[in-house]
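# Working through the structure, step by step
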Amino acid sequence: MTARRTRARERALQALYQIDVAAEGIDEALAAFWRSFEPVEREVRELAESLVRGVAEHRRGVDETIEAASSNWRLDRMARVDRNVLRLAVYELIRTDVPVKVVINEAIELGKKFGSESSGAFVNGVLDKVAAGLPPERRSG
């Protein structure tokens with residue numbers, strides 16, 4: 001399941017990036033995204049879509065959380081990849097029960113794979129601040 005979850009996060013990030021660039025509605029963007037991709041396992045697709053829809057549904061709160069944790073960086077000044085890695089990870093931290101360490105480690109890897117040389121460190125720094133603000137029982141999970 002871990003490998004599927006990782007692939008789902010990668011697809012979710014790519015879809016979020018596409019939505020960010022094209023500023024399309026979520027349904028149209030996801031339909032176009034899946035058409036442009038090789039077929040993936042149903043489980044991977046469903047999890048990816050659930051992540052994308054979750055980020056979209058909670059976007060205002062997610063973005064506010066990111067901006068509060070990244071004191072010197074406004075969201076619109078961040079690299080698109082970094083911004084969407086953070087959106088995905090913050091959504092998972094706030095709205096799912098995926099262990100905090102898993103979310104942060106996966107986000108760092110996504111940043112390294114799809115972002116710039118400094119993306120991993122940037123994502124790690126912001127997410128550490130977000131995680132520090134989570135309830136203690138969530139952090140220890």
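Just above sits the structure.
For every chain, the first residue of the written sequence is number 1, and numbering continues from 1 onward in sequence order. Totals for whole chains, interfaces and linings use every residue, but because this is a predicted model, local features are given only for residues with pLDDT of at least 70 and side-chain atom pairs only at 80 or more, for both listing and counting. No hydrogens and no water enter the side-chain calculation; it runs on all heavy atoms of the structure.

### A few points about the overall build of the chain
Formally: To qualify as a helix, a DSSP run of H or I must reach at least 4 residues; to qualify as a strand, a run of E must reach at least 2; elements of each kind are numbered from the N terminus. It is over C-alpha atoms that the radius of gyration is taken, and the globule rule equals 2.2 Å times the number of residues to the power 0.38. Relative accessibility decides the category of a residue: with a 1.4 Å probe and only protein chains considered, values under 20% of the type maximum give buried, values over 50% give exposed, and everything between is partly exposed. By definition, residues are in contact when any of their heavy atoms lie within 4.5 Å. Using a 1.4 Å probe, the Shrake-Rupley method yields the accessible areas, and only the shown protein chains count as cover for residues. Positive: Lys, Arg. Negative: Asp, Glu. His and the chain ends are not part of the count. To locate a charge, take atom NZ for lysine, CZ for arginine, CG for aspartate or CD for glutamate.
Within the chain, the regular secondary structure consists of eight helices and zero strands. Each helix and strand of the chain, placed in order from N terminus to C terminus, yields the pattern α-α-α-α-α-α-α-α. Taking 2.2 N^0.38 as the reference for a compact globule, 141 residues should give roughly 14 Å; the C-alpha atoms of the chain span a radius of gyration of 14 Å, in line with that estimate. Across the 141 residues in the chain, those meeting the buried criterion constitute 44%. Sequence-distant contacts, at least 24 apart, represent 69% of the contacts inside the chain between residues at least 6 apart. By element, 49% of the accessible surface of the chain is carried by carbon and sulfur atoms, the whole surface being about 7,700 Å². Charge centroids of the chain, computed over 23 positive and 23 negative side chains, lie 1 Å from each other.

### Side note on the nonpolar core
Defined as follows: For this analysis, a nonpolar core means a set of buried residues of the types Ala, Val, Leu, Ile, Met, Phe, Trp, Tyr and Cys, connected via side-chain atoms within 4.5 Å.
The biggest cluster of nonpolar side chains holds 44 residues, and the ones touching the most others in it are Val52, Ile66, Val85, Leu86, Leu88, Leu93 and Leu127. For this core, the secondary-structure elements that each account for two or more residues are α1 (2-22), α2 (26-35), α3 (42-57), α4 (59-69), α5 (80-95), α6 (100-114) and α7 (119-132). With eight residues, α5 is the largest single contributor of residues to this core. Those residues within four positions of Leu86 in sequence are excluded, and the remaining contacts are Ile66, Met78, Phe122, Val123, Val126 and Leu127.

### Some details on the packing of α1 against α2
Put simply, the rule reads: To define axes, lines are fitted to C-alpha atoms, for helices over the stretch in contact only, and angles between the resulting N-to-C directions are given on a 0 to 180 degree scale. Here the word oblique covers every angle except those under 35 degrees (roughly parallel), over 145 (roughly antiparallel) and from 65 to 115 (roughly perpendicular). Left-handed is the label given to a crossing in which the near helix is rotated counterclockwise from the far helix by less than a right angle, and right-handed is the label when the rotation is clockwise. Ten residues, namely Ala, Val, Leu, Ile, Met, Phe, Trp, Tyr, Cys and Pro, are considered nonpolar, four, namely Asp, Glu, Lys and Arg, are considered charged, and the remaining ones, Gly among them, are considered polar.
Their axes nearest at 10 Å, the elements α1 and α2 cross at an angle of 125 degrees. Put simply, α1 runs oblique to α2. Both α1 and α2 take part in a crossing whose hand is right-handed. Residues Arg11, Gln14, Ala15, Gln18 and Ile19 of α1 pack against Ile26, Ala29, Leu30, Ala32, Phe33 and Trp34 of α2. A per-class count over the contact of α1 with α2 returns eight nonpolar, two polar and one charged.

### Considerations on the packing of aromatic side chains
As a reminder, the rule being used: Only rings of Phe, Tyr and Trp enter the pairing, Trp through its six-membered ring, and a pair is recorded when the two centres are within 6.5 Å. The plane angle decides the type: under 30 degrees is stacked, over 60 is edge-to-face, the rest tilted.
Per the stated rule, a full pass over the model turns up two aromatic pairs. Consider the rings of Phe33 and Trp34, whose centres lie 5.0 Å apart with planes at 75 degrees: the pair is edge-to-face. Taken individually, Phe33 and Trp34 each receive the classification buried, so the pair is uniform in this respect. Ring centres 5.7 Å apart and planes at 70 degrees place the aromatic pair Trp73 and Phe122 in the edge-to-face group. With Trp73 in the loop between α4 and α5 and Phe122 in helix α7, the pair connects residues that are 49 residues apart, well separated along the chain. Taking the relative accessible area as the measure of exposure, Phe122 reaches 19% and is therefore buried.

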